Amino acid sequence: MVLKKAAAVAGAALATLARASQPGAATPVAAPMRDLVWGKLNVLHTTDTHGWHGGHLQESQYSADWGDYVSFAEHLRRTADEQGVDLLLVDTGDRVEGNGLYDASSPKGQYYYDIYREQHIDILSTGNHELYQASTADEEHRQTVPNFRDNYVASNLDYIDPKTGERSPMAQRYRKFQTKNQKLDIVAFGFLFDFTGNANNTVVQPVKETIQEEWFQGAIREQADIFVVVGHVGVRMQEYKDIFNAIRKQNWFTPIIFFGGHVHVRDAIAYDSRSFAIASGRYFETIGWMSVNGDLKKSKAPSVEAALSFNRRYIDNNLLGLYYHTGLNDSTFPTEHGRNVSTAIAKARKELDLDHNFGCAPRDYWMTRTPYPHDSSIYTWLEKEVLPEVAVSPSRKDIPRLVILNTGAIRFDIFKGAFTRDTTYIVSPFLSVLKYIPDVPYDVASKVIVLLNNAGQIMNVASDGVPDARFMAIPEQLAIHESITYPDAASLHSDGKADSDGQQQKPLGTGSKDGGEPSLVEGYTTEDDIGTDGDDAVHSNINFYVVPNCIQAEVGFPASDEEGGSSPPDTVDLVFFDFIQPWVLLALKFSGGEDYSAKDIQQYVEGTFTELMVGWIKENWPKDC
Ligand SMILES: *[C@@H]1O[C@H](CO)[C@@H](O)[C@H](O)[C@H]1NC(C)=O
Ligand SMILES: *[C@@H]1O[C@H](CO)[C@@H](O)[C@H](O)[C@H]1NC(C)=O
Ligand SMILES: *[C@@H]1O[C@H](CO)[C@@H](O)[C@H](O)[C@H]1NC(C)=O
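In this text the structure is predicted, and so the values were computed from the model without any measurement.

Draft legend 1. Representation of the sheet that holds strand β11 (residues 266-269). Strand order in the open sheet formed by 6 strands is β6-β7-β9-β10-β12-β11, with mixed pairing between adjacent strands. Both outer strands of the open sheet, β6 (174-178) and β11, are each paired with one neighbouring strand and no more. Along the sheet, successive strands turn relative to each other by an average axial angle of 15°, direction set aside. Note: strand β10 (residues 256-260) against strand β12 (residues 275-280), 5 bridges, orientation parallel. Within the sheet, the bridge partner assigned to F259 lies in β12 and is I278. Its contacts with the sheet place helix α8 (residues 238-250) against β7 (185-192), β9 (226-232), β10 and β12, and it is angled at close to 165° to β10.

Draft legend 2. A look at the site of ligand 3. In the neighbourhood of ligand 3, the contacting residues comprise E336, H337 and N340. A distance of 2.3 Å separates an oxygen atom of ligand 3 from a polar side-chain atom of N340.

Draft legend 3. Representation of α8 in the model. Taking 1.5 Å of rise per residue, the 13 residues of α8 would be expected to cover 18 Å, and the 19 Å separating its terminal C-alpha atoms lies within 8% of that figure. The set of residues buried in α8 consists of E239, Y240, D242, I243, F244, A246, I247 and R248. In this structure, the buried side of α8 is in contact with β7, α6 (207-210), α7 (214-219), β9, β10 and β12.

Draft legend 4. Broad picture of the environment of D413. Tracing the backbone shows D413 in the loop between β16 (401-406) and β17 (417-420). A C-alpha to C-alpha distance of 7.5 Å links D413 and D364, two positions 49 residues apart in sequence. If we skip the residues at most four places from it in the chain, D413 touches Y365, W366, M367, R369 and V427. Of note is the side chain of D413, whose polar atom sits 2.8 Å from the backbone nitrogen of M367.

Draft legend 5. Region of the structure containing the packing of aromatic side chains. Inspection of the entire model under this criterion finds 41 aromatic pairs. Three or more aromatic residues link up through ring pairs in this structure, and these residues are W66, Y69, Y102, Y112, Y113, Y116, F148 and F284. The ring of F177 carries R175 above its face, with NZ or CZ at 3.8 Å from the centroid. One cation-aromatic arrangement involves R266 over Y524; the distance from NZ or CZ to the ring centre is 3.8 Å.

Draft legend 6. Representation of the sheet that holds strand β13 (residues 286-294) in the model. If you walk across this open sheet you meet the 5 strands as β3-β2-β1-β13-β14, and the pairing is mixed. Each end of this open sheet is capped by a strand with a single partner; those strands are β3 (123-124) and β14 (308-316). As defined by bridge partners, strand β2 (residues 86-91) adjoins β3 across 2 bridges and the pair is classed as parallel. Opposite D91, over in β3, you have L124 as the bridge partner.

Draft legend 7. Seen up close, the environment of N128. Looking at the secondary structure, you find N128 in the loop between β3 and α5 (134-147). Within the structure, the side chain of N128 is placed 2.9 Å from the side chain of H232, a separation counted as a polar contact.

Draft legend 8. How the structure looks around the site of ligand 2. As a matter of local geometry, ligand 2 sits amid N329, D330, S331 and T332. At a separation of 2.3 Å, an oxygen atom of ligand 2 approaches a polar side-chain atom of N329. When ligand 2 is considered free in solution it has 360 Å² of accessible area, and contact with the protein chains removes 35% of it. Of the residues contributing to the shell around ligand 2, the split by class is no nonpolar, 3 polar and 1 charged.

Draft legend 9. Representation of the pairing of β2 in the model. Across the 6 residues that make up β2, a large majority, 6, are buried. Of the two faces of β2, the one lined by D86, L88 and V90 and the one lined by L87, L89 and D91 are each fully buried. Two elements, strand β1 (residues 41-46) and β2, share 6 bridges in a ladder whose sense is parallel. Among the inter-strand pairings, L44 is bridged to a residue of β2, identified as L89. Handedness of the crossover joining β1 and β2 through helix α2 (residues 66-83): right-handed.

Draft legend 10. Broad picture of the nonpolar core. Residues L44 and F189 are the most contacted members of the largest nonpolar core, which totals 84 residues. Here this core takes 7 residues from α2, the largest share from any one element. Non-local contacts of L44, meaning those with residues more than four positions away in its chain, are made with Y69, F72, A73, L76, L87, L88, L89, V90, I287, G288, W289 and I315. Among the nonpolar cores identified, the runner-up in size contains 68 residues, and V403, I437, V547 and Y596 belong to it.

About the thresholds
Residues numbered from 1 in each chain as written. Chains lettered and ligands numbered in written order. Predicted model: local features only at pLDDT ≥ 70, side-chain atom pairs only at ≥ 80, totals over all residues. Heavy atoms only, no water. Pairing = 2+ DSSP bridges. Helix = DSSP H or I, 4+ residues; strand = E, 2+ residues; numbered from the N terminus. Axes fitted to C-alpha atoms, helices over the stretch in contact; angles between N-to-C directions. Contact = heavy atoms within 4.5 Å. Near = heavy atom within 4 Å. Polar contact = N/O pair within 3.5 Å; in protein donor to acceptor, adjacent residues only side chain to side chain. Expected span 1.5 Å × (residues − 1). Buried < 20%, exposed > 50% of the residue type's maximum accessible area, 1.4 Å probe, protein only. Phe/Tyr/Trp six-rings, centres within 6.5 Å; stacked < 30°, edge-to-face > 60°. Lys NZ or Arg CZ within 6 Å of the ring centre and 35° of its normal. Areas by Shrake-Rupley, 256 points an atom, 1.4 Å probe, with all protein chains shown as cover. Nonpolar A, V, L, I, M, F, W, Y, C, P; charged D, E, K, R; others polar. Right-handed = clockwise from strand over helix to strand, strands pointing away. Core = buried A, V, L, I, M, F, W, Y, C linked by side-chain atoms within 4.5 Å.

Spatial relationships are all this shows, so hold off on functional conclusions.
Right under this line is the structure:
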């Protein structure tokens, strides 16, 4: 582990002067730093930015914005030119949904498309969030694809024109180009995992089929110095293994590098000694860095195996870190272009009134930093305070109900202080509504939550067209490392390896507190297949507690009698988020009720869950922070 203590000191000295680009954003705090390791080919990677292009205004360690990233890339490109090496930028999708900057306008993305396009990105692909709503896919096709004309790659995605009904590739299937300085021949693909929840104006081809296609078989026979696969695919998912095997079978020695996303983690893995894959987190907290060193130009006989080395770094989106890696400071770092982009973001945030305060959170509420249940769990807050008051149907308010929320419906923590219009979209960007089935026998309805949370693992595998039950939970849990064992791991890993020592909800972090460094800021302490030195900034550990797929609130149940006991009602209304309808129907089937189907399901209350939650906050939290 190479630490630059000097940088911490220099950084600390700068901390009071530094200003993040968005007005009101938290001032960054310095940390001991690890350097970027440069190679012949260097890549910056963003993924799952979900609209956070204004940065994290409430979190000092991620408060740089898209304009700062534009400046950062400009400086690193100049460094690459000076050294005669190459730098590429890639993005692997889920750029939208999850932050007011994208979600708060009507139509959505009114400002986002023009802000995002300001970064020069060499290879980009599509995520599932670009495809849930037909209108989002339309805008992706109408704006982002032409904005990045030659650089957008859609290896397994087609778009259906709404007027003609014609189906054609969303963008080119692959990209062949030469790098600027070394003229390396690159063959690049852009994939999406085998996603099935898309609106009907796109078609996702399963990866196993795509790699049989004639065009793909031709592409992997192209003369390439290196293959670059970008994709909205977790780096440990089968899709990437299949793509790797297909390319490798045809090219025994050519380096292959992968950039993955979707599971919102920092991760790195080598599929063999001449391949390397990284995943670069989520929400524009992380800018991934990969470098490949060695004799990449394939001038000699291809069977000669030249030595290769790969490096990775997970760069916090922290201005002080960006200064550090460029050797610049707050007066020399921002470029004219970067400043312009930051200004455009500030203008958009103002016009969208994103700082409008709905109420003041009395404390922090965490998704996974505390166990559930817990006083500072966001899920306990929803179960005990919010759902009982918002899951009230005017016509059925006297009927007891079980209200089931999938934990993945919540996307982010709530920090103590102002809960703004921006926070609304950050915490709950989805248009989920509450559905219900009336008058379900209690002993049937009460088993549903147990089944949804994988009792007996009945719902662990996709069946009957019902997707894997893990998709109800937060995406971060899809990627929990095999190397980190968790007692309930059987529900998280397809290999079924479970730690035998019992109890639920232990922190997943290593818990190591780096004894002599009391002033470390909490943040990522990544462990990947390479080691524990991936993060650019040295942080203290944040606990991660596994949360269940779903939580349940009992609402309107008869009050307990003097002895503290009460018999449950004979029947209840079973209320649930529309997103989990397929799993709820399947669970009902298993729990021995009659054969419920979609025709038994109606909307329970008016409005989206997000609107109901904001309504609750306006009424219950004070205006003044
Ligand atoms: C997609 O679904 C919409 C709404 O259900 C329908 O009007 C439209 O015809 C469908 N389009 C295609 C291409 O199937
Ligand atoms: C930033 O760096 C420049 C060039 O090295 C230097 O002249 C200037 O004083 C520095 N500014 C601050 C605030 O440290
Ligand atoms: C920045 O914005 C100014 C004012 O709108 C404009 O004149 C200039 O060309 C822009 N520069 C860049 C590099 O985008």
